[in-house]
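The residues making up each chain are set out below.
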Amino acid sequence: MILNKVAPLDDLLALHAEAIGRDLPGYRNHAYRVLNFCLALSTESPDRIAKIATAVAFHDLGIWTHHTFDYLPPSDVLVRDWLHQHGDPTWCDEVSAMIQLHHKFTPCAADAGPLAEAFRRADWVDVTHGVIAHGLPRALLREVFAAFPDAGFHLLLLKLSFKRVLSHPLHPLPMMRW
């Protein structure tokens, strides 16, 4: 069963709805796809859903709040500030690792926390639209993609990537990590 209503995620997206603007439906659907894939790829643990919801709400947020395609540093600052002011500051390192490492090409080190690798894999599943499935069942992929349509999110990423290539040809994808 997929989750289509997670209050902490919806609340965090609502806080940033003005900054995200017209891209909110696409980003919300991306967030829910990643959340559901991450849940399927991770093991049950205390606060798992809340941690994933927090990370997924903030993981790409710097695109809109800081108007940059080099969005991992501002997204990390935003989530750390939020956790210190409104959430659980003890989550900072784990949630930060989930955000900082979600575009990593290679697996995360174990010391990144129990959810970082699942989150990284979940984002890759979504960005590749299931071409990289990390062992998730095709039925689950179809269900999640049907429940949360793209709504222009991947087109936005392509446009931002093209713009970044033109302005920074030697460093076009600053968010990618080895």
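The structure displayed is predicted, hence computed values, not measured ones. (Residues numbered from 1 in each chain as written. Predicted model: local features only at pLDDT ≥ 70, side-chain atom pairs only at ≥ 80, totals over all residues. Heavy atoms only, no water.)

Some points on the side chain of D60
Inspection of the secondary structure puts D60 in the loop between α4 (48-58) and α5 (62-65). No salt bridge is formed by the buried D60, whose closest oppositely charged neighbour, R33, lies at an N-O distance of 8.8 Å. A distance of 3.1 Å separates the side chain of D60 from the side chain of H59, its partner in a polar contact. Other than its neighbours up to four places away in sequence, D60 contacts Y27, H30, Y71, S75, H102, H103 and F153. (Helix = DSSP H or I, 4+ residues; strand = E, 2+ residues; numbered from the N terminus. Buried < 20%, exposed > 50% of the residue type's maximum accessible area, 1.4 Å probe, protein only. Lys, Arg positive; Asp, Glu negative; His and termini not counted. Salt bridge = Lys/Arg side-chain N within 4 Å of Asp/Glu carboxyl O. Polar contact = N/O pair within 3.5 Å; in protein donor to acceptor, adjacent residues only side chain to side chain. Contact = heavy atoms within 4.5 Å.)

Things to note about the pattern of salt bridges
Tallying each qualifying case throughout the model produces ten salt bridges. The closest approach of N and O atoms between D10 and R28, which form a salt bridge, is 3.5 Å. With D10 in helix α1 (residues 7-15) and R28 in helix α3 (residues 24-41), this pair connects stretches of sequence that are 18 residues apart. For R28, a relative accessible area of 25% corresponds to the partly exposed category. Two residues, K51 and E94, come together in a salt bridge whose shortest N-O distance is 2.8 Å. With K51 in helix α4 and E94 in helix α7 (residues 92-100), this residue pair connects regions lying 43 residues apart in the sequence. Residues K51 and E94 agree in their burial class; the two are buried. One network of salt bridges, in which partners are shared, links K5, D10 and R28.

Some words on unusual backbone geometry
A positive phi angle, close to 50 degrees, is found at H129, a residue other than glycine. Tracing the backbone through its elements, the reader meets H129 in the loop between α8 (116-127) and α9 (138-147). Its identity as a non-glycine residue notwithstanding, A151 has a phi of 55 degrees, on the positive side. Along the chain, A151 falls in the loop between α9 and α10 (153-167).

As for α3
When the terminal C-alpha atoms of α3 are compared, their 25 Å separation across 18 residues agrees well with the 26 Å that a helix rising 1.5 Å per residue should span. Extensive coverage of α3 is indicated by the burial of 13 of its 18 residues. (Expected span 1.5 Å × (residues − 1).)

Quick look at the nonpolar core
One finds L9, L35, F37, F58 and W64 to be the most contacted residues of the largest nonpolar core, which totals 55 residues. The biggest single contributor to this core is α3, with eight residues. (Core = buried A, V, L, I, M, F, W, Y, C linked by side-chain atoms within 4.5 Å.)

Quick notes on the packing of aromatic side chains
All told, the structure shown has seven aromatic pairs when counted by the stated rule. Geometrically, the ring pair formed by Y27 and F153 is tilted, given 6.2 Å between the ring centres and 35 degrees between the ring planes. Linking Y27 in helix α3 with F153 in helix α10, this pair joins segments that are 126 residues apart in sequence. The exposure class assigned to Y27 is buried, which follows from its relative accessible area of 0%. Ring geometry for F58 against W82: centres 6.2 Å apart, planes inclined by 45 degrees, an arrangement best described as tilted. One end of the pair, F58, is in helix α4; the other, W82, is in helix α6 (residues 72-85), with 24 residues separating them in the sequence. For the pair F58 and W82, one class covers both residues: buried. Ring pairing ties together the aromatic residues Y27, W64 and F153, which thus form one cluster. (Phe/Tyr/Trp six-rings, centres within 6.5 Å; stacked < 30°, edge-to-face > 60°.)

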